[in-house]
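# Fold and geometry: a report
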Amino acid sequence: MQHIPELMAKGRDKKLIELRDEALCRRYYYWTEVQRLRFDDALKVLSRQEFFISEERIMSIIRCKCRELKDLEVKPVPKVKKPRLTAVQLSLFTGE
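Residues numbered from 1 in each chain as written. Predicted model: local features only at pLDDT ≥ 70, side-chain atom pairs only at ≥ 80, totals over all residues. Heavy atoms only, no water.

### Let's talk about the nonpolar core
- Core analysis: the biggest nonpolar cluster contains 18 residues, and L24, Y28, I58, I62 and V74 have the highest contact counts within it.
- Secondary structure elements with two or more residues in this core: α1 (14-34), α2 (39-51) and α3 (55-65).
- No other element matches the 5 residues that α2 contributes to this core.
- Every residue in contact with V74, bar those within four places of it in the chain, is listed here: C25, Y28, Y29, I62, C66 and L69. (Core = buried A, V, L, I, M, F, W, Y, C linked by side-chain atoms within 4.5 Å. Buried < 20%, exposed > 50% of the residue type's maximum accessible area, 1.4 Å probe, protein only. Helix = DSSP H or I, 4+ residues; strand = E, 2+ residues; numbered from the N terminus. Contact = heavy atoms within 4.5 Å.)

See below:
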């Protein structure tokens with residue numbers, strides 16, 4: 001078993017995460033604006049072929065980081081709103 005020095009920080013390297021997030025935003029821009037892929041198709045490429053993290057995580061990163069890139073105008077992905085039905089509204093569909 002390898003000994004880890006006491007001074008070495010545990011966990012993920014914050015600088016590397018920042019660099020990954022910036023690269024992810026740039027690749028999202030490339031796929032959506034240069035290659036003109038639909039945003040959901042671009043998310044699939046980024047998730048399954050390039051960064052190997054979930055589409056939900058990619059969307060979260062893009063929403064947070066897109067404003068920080070000054071040399072690109074990255075449009076954040078649209079938020080998908082799920083309808084919230086009450087029991088009364090649902091009963092209108094079921095005829096009860």
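Moving on, there is more to tell.
### With respect to unusual backbone geometry
- For R36, which is not glycine, the phi dihedral falls at a positive 60°.
- Among the secondary structure elements, R36 is positioned in the loop between α1 and α2.
- Of the residues examined, R36 reaches a relative accessible area of 61% and is grouped as exposed.
- Located in the positive-phi region is F52, a residue other than glycine, with phi close to 60°.
- Of note, F52 is situated in the loop between α2 and α3.
- The exposure class assigned to F52 is exposed, which follows from its relative accessible area of 60%.

### Digging into α2
- The end-to-end C-alpha distance of α2 is 16 Å, clearly below the 18 Å that 13 residues give at a rise of 1.5 Å each.
- Residues of α2 that are buried include every one of A42, L43, V45, L46, S47 and F51, and no others.
- Backbone geometry just after α2 places F52 at a positive phi near 60°. (Expected span 1.5 Å × (residues − 1).)

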